[in-house]
Amino acid sequence: MNVIEDKIPLRVYQQMRVHCGLSAKTSEACEVGLNNSIYSLMIKEEDNVIGMGRIIGDGGCFCQVVDICVIPEKQGNGIGKIIMEYIATFIKTKLPKSCYTSLIADGDASFLYEKFGFKDTLPESKGMYIKNE
C-alpha cells in the first residue's frame, strides 16, 4: 500500500466517488475543484487507487475536509484512518493555527473523525448547504 500526496487525476476522482457511493460530479466541476484543492492524497494498492481524501478552502481562515472514501471491498482495514492521519498532520503542520477546518460526516464516519479531534458543531452552530442542480 502506497500513500501518494498529489493531485487526484480527474477520471480516478470521478470513478472513486461513484464506486464509494458518493454523488457523481461532472468533468467540468472536477477540473475546477481538483485544481483548487489545498491538499489531496490517494492510497494505492499495486496500480489501483483504493482510497482518497482532500482539503479544500482558502488555506488560511477556513478549510474543509472532503472526499474521504475507501472502496467498499477495502473498508474496515484501517485505510480511512491512514487517510485521516495524513490529513490531520497537514492541518496541524501546514495550516495557520486560527484556521477553522470543518467537515460533513456521513453515517458512522463521525466516529473516525472524532479520533482526530473533530467535534459536533451543535448546539453552537448548525451546518447547512445548498446544491446547485
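Because the structure is a prediction, the values reported are computed rather than measured. (Residues numbered from 1 in each chain as written. Predicted model: local features only at pLDDT ≥ 70, side-chain atom pairs only at ≥ 80, totals over all residues. Heavy atoms only, no water.)

**Notes on the side chain of Thr-101**
Spelled out, the test is: Secondary structure elements follow DSSP: runs of H or I no shorter than four residues count as helices, runs of E no shorter than two count as strands, and numbering proceeds from the N terminus. In what follows, a contact means two residues having at least one pair of non-hydrogen atoms within 4.5 Å.
For Thr-101, the location among the structural elements is in strand S5 (residues 100–103). Excluding residues that lie within four positions of it along the chain, Thr-101 makes contacts with Cys-63, Val-65, Ile-91, Leu-95 and Phe-118.

**Topic: the layout of surface pockets**
Unoccupied space between atoms shows up once a probe the size of one water molecule is rolled over them. Rules: Space inside and on the surface of the protein is sampled on a 1 Å grid over the protein atoms alone, with a cavity defined as a set of points where a 1.4 Å probe fits but cannot get out and a pocket as an open set with protein on both sides within 12 Å along at least 5 of 7 lines; lining residues have an atom within 4 Å of a point. Grid points are joined across faces, edges and corners, and a volume is the space filled by probe spheres set on the points. Only Asp, Glu, Lys and Arg are considered charged in this grouping, and only Ala, Val, Leu, Ile, Met, Phe, Trp, Tyr, Cys and Pro are considered nonpolar; every other residue, Gly among them, is considered polar.
Estimated volume of the largest pocket: approximately 1,600 Å³. As for the largest pocket, its lining consists of 43 residues, of which Arg-17, Leu-22, Val-66, Asp-67 and Asp-106 are closest to the centre. For the lining of the largest pocket, the elements supplying multiple residues, two or more each, are helix H1 (10–19), helix H2 (27–35), strand S3 (48–57), strand S4 (62–70), helix H3 (79–94) and helix H4 (109–114). Here the element with the most residues in the lining of the largest pocket is S4; it accounts for 7 residues. Within the lining of the largest pocket, the residues separate by chemical class into 23 nonpolar, 11 polar and 9 charged.

**Topic: the sheet that holds S5**
Let me state the cut-off plainly: Note: two strands are recorded as paired if DSSP finds a minimum of 2 bridges between them. Note on geometry: axes are lines fitted to C-alpha atoms, helical ones only across the stretch in contact, with angles between N-to-C directions running from 0 to 180 degrees.
Strand order in this open sheet of 5 strands is S1-S2-S3-S4-S5, and the pairing throughout is mixed. Only two strands of the sheet have a single partner each, and these edge strands are strand S1 (2–4) and S5. Each strand of the sheet is rotated relative to its neighbour by a mean of 20°, with strand direction disregarded. Relative to S4, S3 is paired through 6 bridges, and the arrangement is antiparallel. Across the sheet, Ile-56 pairs through a bridge with Gln-64, a residue of S4. Along the sheet, H1 makes contact with strand S2 (39–45), S3 and S4, crossing S3 at roughly 100°. In the packing of H3 onto the sheet, contacts are made with S1, S2, S3, S4 and S5, and the angle to S4 comes to roughly 160°.

**Some words on the nonpolar core**
The test is simple: Only buried residues count toward a nonpolar core. Its members are Ala, Val, Leu, Ile, Met, Phe, Trp, Tyr and Cys residues joined through side-chain atoms within 4.5 Å. For every residue, the accessible area (1.4 Å probe, protein chains only) is compared with the maximum for its type, and the residue is labelled buried under 20%, exposed over 50%, or partly exposed between those bounds.
The biggest cluster of nonpolar side chains holds 34 residues, and the ones touching the most others in it are Ile-55, Val-65, Ile-83, Met-84, Ile-87 and Phe-118. Those elements that provide at least two residues to this core are H1, H2, S2, S3, S4 and H3. When residues of this core are assigned to their parent elements, the largest contribution, 7 residues, is made by H3. Dropping the residues within four chain positions of it, Met-84 is found in contact with Val-65, Ile-68, Leu-112, Tyr-113, Phe-116 and Phe-118.

**A few points about the pairing of S5**
This is how it is decided: We call a crossover right-handed when, viewed with the strands running away from us, the connection from the first strand over the helix to the second turns clockwise.
Alternating positions in S5 separate cleanly, Thr-101 and Leu-103 being buried on one face and Tyr-100 and Ser-102 remaining unburied on the opposite face. Relative to S5, S4 runs parallel, the two sharing 4 bridges. The residue bridging Gln-64 from the neighbouring strand is Ser-102, located in S5. Following the chain from S4 across H3 to the adjacent parallel S5, one finds a crossover that is right-handed.

**Some thoughts on H3**
Counted only if it meets this: To estimate the expected span of a helix, count its residues, drop one, and scale the result by 1.5 Å.
Under the 1.5 Å per step criterion, the end-to-end length of H3 is 22 Å for 16 residues, consistent within 8% with the ideal 22 Å. Within H3 the residues assigned to the buried category are Ile-79, Gly-80, Ile-83, Met-84, Ile-87, Ala-88, Phe-90 and Ile-91. Contact partners of the buried residues in H3: S2, S3, S4, S5 and H4.

Without other data, these values stay purely geometric and don't point to any function.
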